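Structural overview for review
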Amino acid sequence: MSNPAPQANTTASHDDVAVQTQQGLYIDATALSLHLPALEYRNNALYLEDVSINELAEHYDTPCYVYSKQAILDVYQAYADSFATLDHQICYAVKANSNLAVLGVLAEAGAGFDIVSRGELMRVLAAGGKASRVVFSGVGKAYEDIEYALNQGIACFNVESISELILINEVAQKLDKQAPISLRVNPDVDAKTHPYISTGLKDNKFGIAHEQALAVYEQAAGLSNIDIVGIDCHIGSQLTEVAPFIAAMNKVIELIHSLQEKGIELQHIDLGGGLGVRYIDESPVSIEDFAQALLPKLTELGLTVFFEPGRSIVANAGILLTRVEVLKPTKHKNFAIVDAAMNDLIRPALYQAQMAVIPNHLPAKGLDTDDMQPWDIVGAICETGDFLAKDRLLALATNDILAITGAGAYGFVMSSNYNSRPRSAEIMVSGDRHQLIRKRETIEDLYNDEVLWQN
Ligand code: LLP
């Protein structure tokens, strides 16, 4: 963060308040508007686009995920504009948020899709996406997945192992089709991100080792029903620096040249996803700067370029709304027990992810008030790991609505029914309109398909 953050006891106008970091420092409103363009306070009440958070919470109840259509489109457009000089395809990584409405908005904007399962492909098609703009990643594609994708006519399989390559050839032979493939190369580059979401190191299960790739391409060239169309890499997620992307790209380009020497010509290079976002005070490289750093070499290369961004398109378009149920101050810690929990949003528990917590209204007395206390925002699940945020300075009362930001990516899609908790509703807003895009599960939904043991 470039601006010095005011301390909690500093007098500040309401407009200065927004979020505070784990350290108990405030991030000013400028920072808030920078990373959450669709979220703002109007007369002290929080709005997403032109819809008030209070109205959403009343109308749909909490917890619920809410996405700004415009915020999704703006980031997609930033990618499209930044790479406009290249023949390119942005293949949105469906795993980040696979709600049909989200996919539909992106399909309408012209996006392609990166999928990792037959289920994701079926969602893309149901949302109006084109199979011809789909790339299929993932280390464990099953026979039926490959068959379905070939029949739909996807653009490319990103192949992650020799046995997968052989299986794809076998399925294609049976269907009397040519399977378009690229090899996902593991460049052994450190993405400098959380170890659970780093994928481009030789210790990770992903891709084909850089040193092996040439030989595997030669093997692929000899297979009857394989059509080599590209090369692919994806080194990890939530990368904030551009250097690892450049290092991976350079290694892949080296390989492309070696392939050319062997007479193997490619049509596209796929550089994966992974561009990070600001959750609290991270400073990820912007899409424009990311593009500027990659463009010279990619332009020289002259191939079509694919990207597979997920998080950067949807994370900051979404919030998770939750209501404060119980305030439990103790001698050592203050706990605010809210109606969302780790089953709704697992990122803090799983990756120690820090996501901002923004109240639906600013403290009535401003920032210089004793009402502000450090709170742990926790769920009602019977696990100590069930927390959404820790040590946030907030002025809380029961029934307050809190918005957890950065929740558009890897939020709802990673939710579960742990503790027999129904999964929350999802809503999309556009201008002053809001729409239910996934209805809240009922408790009966959770056991309707279960069957009692018959004696
Ligand atoms: N392409 C491939 C092959 C991937 O495995 C991924 C993400 C992406 C693209 C999209 O990456 P993105 O642009 O979203 O960084 N659940 C974790 C993130 C897991 C990412 C898995 N792969 C989290 O909540 O941080």
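Residues numbered from 1 in each chain as written. Predicted model: local features only at pLDDT ≥ 70, side-chain atom pairs only at ≥ 80, totals over all residues. Heavy atoms only, no water.

1. Concerning the site of the ligand
Taken together, 19 residues lie around the ligand, and S237, E308, R347, Y351 and Y410 are the ones closest in. Within the side chain of Y410, an N or O atom sits 2.6 Å from an oxygen atom of the ligand. Across the complex, the protein chains shield 92% of the 590 Å² of accessible surface that the ligand would expose by itself. Lining the shell around the ligand are residues from two domains, each supplying at least three of them: domain 1 (18–68 + 315–446) and domain 2 (138–307). (Near = heavy atom within 4 Å. Polar contact = N/O pair within 3.5 Å; in protein donor to acceptor, adjacent residues only side chain to side chain. Areas by Shrake-Rupley, 256 points an atom, 1.4 Å probe, with all protein chains shown as cover. Domains from an automatic or database assignment.)

2. As for the nonpolar core
In summary, soluble globular proteins display a tendency toward joint burial of nonpolar side chains. F157, I269 and I377 are the most contacted members of the largest nonpolar core, which totals 131 residues. Broken down by element, this core gets its largest block of residues, eight residues, from helix 9 (residues 243–261). Three or more residues apiece are contributed to this core by two domains, here domain 1 (18–68 + 315–446) and domain 2 (138–307). Setting aside residues up to four positions removed in sequence, I377 forms contacts with A336, V338, V357, F387, L388, A389, L394, L396 and L402. Core analysis: the second largest hydrophobic core is formed by five residues, C91, V135, V229 and F306 among them. (Core = buried A, V, L, I, M, F, W, Y, C linked by side-chain atoms within 4.5 Å. Buried < 20%, exposed > 50% of the residue type's maximum accessible area, 1.4 Å probe, protein only. Helix = DSSP H or I, 4+ residues; strand = E, 2+ residues; numbered from the N terminus. Contact = heavy atoms within 4.5 Å.)

3. Remarks on the packing of aromatic side chains
In the structure shown here, the tally under the stated rule is eight aromatic pairs. Ring geometry for Y65 and Y67: centres 6.4 Å apart, planes at 25°, overall stacked. Neither Y65 nor Y67 differs from the other in exposure class; each is buried. With 5.9 Å between their ring centres and 25° between their planes, F136 and F157 make a pair best called stacked. Note that F136 is positioned in strand 9 (residues 134–136) and F157 in strand 10 (residues 156–159), a separation of 21 residues in sequence. Considered together, F136 and F157 belong to a single accessibility category, that of buried residues. One aromatic cluster in this structure is built from F83, F245, F290 and F307. The lysine or arginine in question, K390, covers the ring of F387, its NZ or CZ lying 4.2 Å from the ring centre. (Phe/Tyr/Trp six-rings, centres within 6.5 Å; stacked < 30°, edge-to-face > 60°. Lys NZ or Arg CZ within 6 Å of the ring centre and 35° of its normal.)

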